[in-house]
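Okay, here's what each chain looks like letter by letter:
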Amino acid sequence: MNDMVTAVFRAETPALGGCFLCERQGLQVFRVGEIVSPRAVTPLTACRACAERLLALHDTATLDPVRPYMRTRTP
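Calculation rules
For every chain, the first residue of its written sequence is number 1, and the numbers climb from 1 along that sequence. Given that this is a predicted model, residues contribute local features only at a pLDDT of at least 70 and side-chain atom pairs are listed and counted only at 80 or more, while totals for whole chains, interfaces and linings are drawn from all residues. For side-chain calculations, the full set of non-hydrogen atoms in the structure is used, while hydrogens and water are omitted. Strands are runs of DSSP state E lasting at least two residues, helices are runs of H or I lasting at least four, and both sets are numbered from the N terminus onward. Partly exposed describes any residue whose relative accessible area lies between the buried limit of under 20% and the exposed limit of over 50%, with all areas from a 1.4 Å probe on protein chains only and scaled to the type maximum. Cysteine sulfurs are considered disulfide-paired once they come within 2.5 Å of each other. Residues enter a patch when their relative accessible area is above 30% and they make no salt bridge; the linking distance is 9 Å between like charges and 5 Å between nonpolar side chains (Val, Leu, Ile, Met, Phe, Trp, Tyr). For every accessible area listed, the method is Shrake-Rupley and the probe measures 1.4 Å; residues are considered covered only by the protein chains on display. Counted as salt bridges are all cases of a side-chain nitrogen of Lys or Arg within 4 Å of a carboxyl oxygen of Asp or Glu. Throughout, nonpolar core names a set of buried Ala, Val, Leu, Ile, Met, Phe, Trp, Tyr and Cys residues whose side chains join them through atoms within 4.5 Å. Any two residues whose heavy atoms approach within 4.5 Å at even a single point are treated as in contact. To estimate how far a helix should extend, the number of its residues minus one is multiplied by 1.5 Å. This arc is taken over the directions from the axis of the helix to the C-beta atoms.

J.: Please explain the environment of Glu52 as it appears in this structure.
T.: You can see Glu52 is positioned in helix 2 (residues 48–63). Residue Glu52 is classed as partly exposed on the basis of its relative accessible area of 28%. Placed 43 residues apart in sequence, Glu52 and Phe9 show a C-alpha to C-alpha distance of 9.8 Å.

Next comes the structure, spelled out in structure tokens:
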């Protein structure tokens, strides 16, 4: 997973801000997603440690695709 983490962080431009997971402020954060509503789009940023946790969760979830919250992408 370390190669994937490195690739993700190379692709993203870090900024100073707050992590939506650990709620610490003034950290180097990366955009990891967004919340979309009819009125606005709110970016979600995470520090490196929390982003690594999210990537690990993703890896674990894809190992067992029969979990009800997983959907297999179709081309």
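Having put the structure on the table, let's press on.
J.: Sorry if this is basic, but what is going on with the state of the cysteines here?
T.: A covalent bond between the sulfur atoms of two cysteines is what we call a disulfide. Evaluated as defined, the whole model comprises zero disulfides. Distance from the sulfur of Cys50, which forms no disulfide, to the nearest cysteine sulfur (Cys19) is 3.6 Å.

J.: Help me understand a nonpolar patch on the surface in this model?
T.: On the surface, Phe20, Leu21, Val32, Leu54 and Leu57 cluster together to form a nonpolar patch covering roughly 380 Å² of accessible area. For Phe20, the position within the fold is in the loop between strand 1 (15–17) and strand 2 (27–36). By relative accessible area, which is 35% here, Phe20 ends up partly exposed.

J.: I'm lost on the nonpolar core in this one. Help?
T.: Proteins that are soluble and globular tend to have nonpolar side chains buried together. Ranked by size, the top nonpolar core spans seven residues in total: Phe9, Cys19, Phe30, Ala46, Cys47, Cys50 and Ala51. Elements with a contribution of two residues or more to this core: strand 3 (41–47) and helix 2. The residues contacting Phe9, other than those within four sequence positions of it, are Phe30, Arg48, Ala51 and Glu52.

J.: Quick question: what am I supposed to make of helix 2 here?
T.: An α-helical turn contains 3.6 residues, so any two residues separated by three or four positions project in the same direction. Here helix 2 is 16 residues long and its end C-alpha atoms lie 23 Å apart, about the 22 Å a rise of 1.5 Å per residue gives. When we look at burial in helix 2, the residues that qualify are Cys50, Ala51, Leu55 and Ala61. Angularly, the buried residues of helix 2 cover 145° about the axis, an arc narrow enough to put them on a single face. Opposite the buried face of helix 2, by more than 90 degrees, sit the exposed residues Arg53 and Leu63.

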